[in-house]
Amino acid sequence: MNAVYGRALYKSPHVDMDNVPGFSEMNNYQKYDAIIRKIAAEAPVRFCEGELLCGSATLRDAINHVVPAVFQGKTVFPSMSHVTLGFDRILREGLDSYQQRIEERLERAAKERDAKKLDFLHSLLEVINSIHIWHGRYMSALSEKLAAARTAEQQTYYEDLLRNLERVPFQPPASFREALQALWFLFAFVRLCGNWPGIGRIDQMLGQFLEKDLQTGAISEAFARELTAHFFIKGCEWITLDSRGSGDGQHYQNIVLGGVDENGCQSDNTVTRLVLEVVEELPIGDFPIAVRINAHTPEWLYMQIAKVMRHGSGVAAVYNETQIIQSLMDFGYSQQEARRFANDGCWEIQVPGKTRFGYCPMDAFAVLQNDVLHVNDACTPPDYAGFEEVYTAYRSGLRKLLESFKESADHYFDGQLPVSVVALMEDGCIESGRDYVNGGPVYNVFSPHLGGLPDVANSLYAIKKVVFEERRLSVSQLVELLRNNWEGAESLRRHCANDFQYYGNDNDEVDAIATRLLDDYTAIMAEEPRRSGMLLPPGISTFGRQIEWKDVRGATAQGGRRGDILSSNLSPAPGTDKAGATAIILSHCKAHLENLTGGTALDLKLYPEAVSGADGLAAVTALIRGFVELGGIFLQIDVMDNTVLLEAQAHPEQYQTLSVRISGWSARFVTLDEEWQRMIIERTAVGR
């Protein structure tokens, strides 16, 4: 966690393909296979004395979201993220069964004489062969360690490691430790090849193994907890503490806990508790955790979530699974599939191991500023006679934006490159004979994600008040002030900024505008929920893009100046929420969130004193319960005092492990660049 292993990666950035004969003449799948094989054969094998799990992603360029291989000095292939793979199926069946399935599908492809399918299916077999190569290198390294063991304790230690790695992931695991080793080994290999996968429902995958071992006495709970801690500690191997904009923890290795299984049975178990206990104790924010909450969630789980949350770092968040399952079913998923939901490694909703997920970020506020008000051009804005004319113009601009998005779905499968490592672990790819990015998975999702909707609601509300009710100025006069960044109109700017209760304060009038905007958005998308083989579930997010948007949005009708950082996800804009956490949740949940099948998030920042002691834990659980009962989707709470953040800015060397919630991930605060740190600090904290 102190970046020793992360910085060691700089010694081994990638494999070099220049010395591979005929590489330039190979087709893309042949190149990909050669790269993955060389990665498996040459990436440094790292094993640290005392580790209880084997396998490490030891090539630096993998951290940069590319396949870590170069040819003539250039990266050859990009990699994949926003995907949670079917680790659960491999744990049930073992990789050897995948080889059999692929070989059977190859026979059919040969009869079909489909060259593309043959190349792809052969590539899947090459991936399995590469995993065998990598696995064999670790087995050899451990055997050498065993041969050199000098004490009985060392001998037993290496024998245990060899025994627990020997069969997996090729055969189904027979114990909790084997299952955890298999999961880690697969996850590490996928990352070694440059991909950033989510892990998914780890307690669902491992719970039955642990319960069996505990019942038979094969393992103690204390040792199971230690193994779980090793899993989380190894997940920090990419920590470098180097600044990179959005921080050094954005690798989408999300974990989902709790909730019901595909048959509707409550699935919280001992693994659920052990995971939360480990992250409560250790300062690890690299595995963001989302806990699924429903009406039958046990009290102990509520309390354990609250304990984790109050330590800060934003590592734990909650899903309202009842709302999400119903939304997925309304969109067309079966009940069993809907119950299996996890996320894409961030917080967007998907069925793990069966989904190719992509999303398109769009700035809803830019439609108002550019198409309706023309703040950022020289055009004369229309002489709107009333608020409804302004709103109608906005809805027209929104429709135009969304129709353009729908057209882009027609070309989503065009020109995609191979990602066989990912495709191997996605249901549908073997059966269809198509790669992950070429329509192979069972579900192919391209989700529109609007950002800035709270800012649109706030601006429209300010226009309604100042222009059409108070009649202080016309729309064109307001636009001229915004073009001049409110210069010469400070009194009016302050009036707009301070004298109205904006989104996040439980003000029915502005919240009704936000609800209307969301309803129009989801209604337009519901007109064509599927297109060109793609599912198009709507979502609302920013994921920090409010930073890159701030310099092109212009000054705002709600009193904001050019360059202000505005709202995140479906949360209040910084400084506008003045009535406390309950009012924020009430505003957020008034909208018909059940129509956002692609999901959204509410960000809450609480002061530490608001969550201290038994009363503080009760307050956190009450907020979670209220959010779920009112129909929210995803709630992420961070507990932090801005005094600490400002101190970390001034003395970063003293705060190397201080983590904060960004959006679907957490990051060490000192690795964020200045603009991202500013965004976190400006979030309104409540509870004093």
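Described below are features of the structure shown in this document. This structure is a prediction, so every number in the text was calculated from the model and none was measured.

**Some thoughts on the overall build of the chain**
Helices and strands together make up the secondary structure of the chain, namely 26 helices and 21 strands. Against the 2.2 N^0.38 benchmark of 26 Å for 688 residues, the chain shows a C-alpha radius of gyration of 26 Å, consistent with a compact globule. Taken along the three principal axes of its C-alpha coordinates, the chain extends 85 × 60 × 50 Å. Across the chain, the fraction of contacts at a sequence separation of at least 24, relative to all contacts at a separation of at least 6, is 76%. Carbon and sulfur atoms provide 48% of the accessible area of the chain, an area that totals close to 24800 Å². Side chains of the chain carry 66 positive and 91 negative charges; the gap between the two charge centres is 2 Å.

**Notes on the environment of alanine 462**
With respect to the element layout, alanine 462 can be found in helix H18 (residues 453-469). Counting along the chain gives 33 residues from alanine 462 to histidine 495, while the straight-line C-alpha distance between them is 9.9 Å. Not counting chain neighbours up to four residues away, the residues in contact with alanine 462 comprise Val467, Tyr502, Ala557 and Gln558.

**Concerning the layout of surface pockets**
Considering only enclosed or pocket space, the largest pocket measures out at about 630 Å³ in volume. Lining the largest pocket are 27 residues, and of these Asp88, Arg92, Gln204, Glu262 and Arg340 sit closest to its centre. Looking at the lining of the largest pocket, the elements with two or more residues in it are helix H3 (87-93), strand S6 (200-201), helix H8 (202-216) and helix H13 (335-339). Take the lining of the largest pocket: its biggest share by element is five residues, from H8. Its residues placed into classes, the lining of the largest pocket shows five nonpolar, 11 polar and 11 charged.

**Observations regarding the pairing of strand S18 (residues 634-639)**
Burial within S18 is extensive, with six of its six residues counted as buried. Along S18, one buried face is formed by Phe634, Gln636 and Asp638 and the opposite face, lined by Leu635, Ile637 and Val639, is buried too. Two elements, strand S9 (residues 316-320) and S18, share three bridges in a ladder whose sense is antiparallel. Following the sheet pairing, tyrosine 319 is matched in S18 by phenylalanine 634. For the handedness criterion, the β-α-β arrangement of strand S17 (residues 602-606), helix H24 (residues 613-629) and S18 is classed as right-handed.

**Some words on unusual backbone geometry**
Going from valine 168 to proline 169, the amide bond is cis rather than trans, its omega being 5°. With respect to the helices, strands and loops of the structure, proline 169 is situated in the loop between helix H6 (152-166) and helix H7 (176-192). Phi at tyrosine 252 is positive, roughly 60°, even though this residue is not glycine. Here tyrosine 252 shows up in the loop between helix H9 (221-234) and strand S7 (255-258). At aspartate 506, a residue that is not glycine, the phi angle is positive and equals roughly 60°. Residue position: aspartate 506 is located in the loop between helix H20 (490-498) and helix H21 (508-526). With relative accessibility at 34%, the residue aspartate 506 sits in the partly exposed group.

Cut-offs and rules
- Residues numbered from 1 in each chain as written.
- Predicted model: local features only at pLDDT ≥ 70, side-chain atom pairs only at ≥ 80, totals over all residues.
- Heavy atoms only, no water.
- Helix = DSSP H or I, 4+ residues; strand = E, 2+ residues; numbered from the N terminus.
- Rg over C-alpha atoms; globule rule 2.2 N^0.38 Å.
- Contact = heavy atoms within 4.5 Å.
- Areas by Shrake-Rupley, 256 points an atom, 1.4 Å probe, with all protein chains shown as cover.
- Lys, Arg positive; Asp, Glu negative; His and termini not counted.
- Charge placed at Lys NZ, Arg CZ, Asp CG, Glu CD.
- 1 Å grid on protein atoms, 1.4 Å probe; cavity = no way out; pocket = protein on both sides within 12 Å on 5 of 7 lines; lining within 4 Å.
- Points joined across faces, edges and corners; volume = space filled by probe spheres on them.
- Nonpolar A, V, L, I, M, F, W, Y, C, P; charged D, E, K, R; others polar.
- Buried < 20%, exposed > 50% of the residue type's maximum accessible area, 1.4 Å probe, protein only.
- Pairing = 2+ DSSP bridges.
- Right-handed = clockwise from strand over helix to strand, strands pointing away.

Remember that the coordinates give geometry; whether it matters functionally is a separate question.
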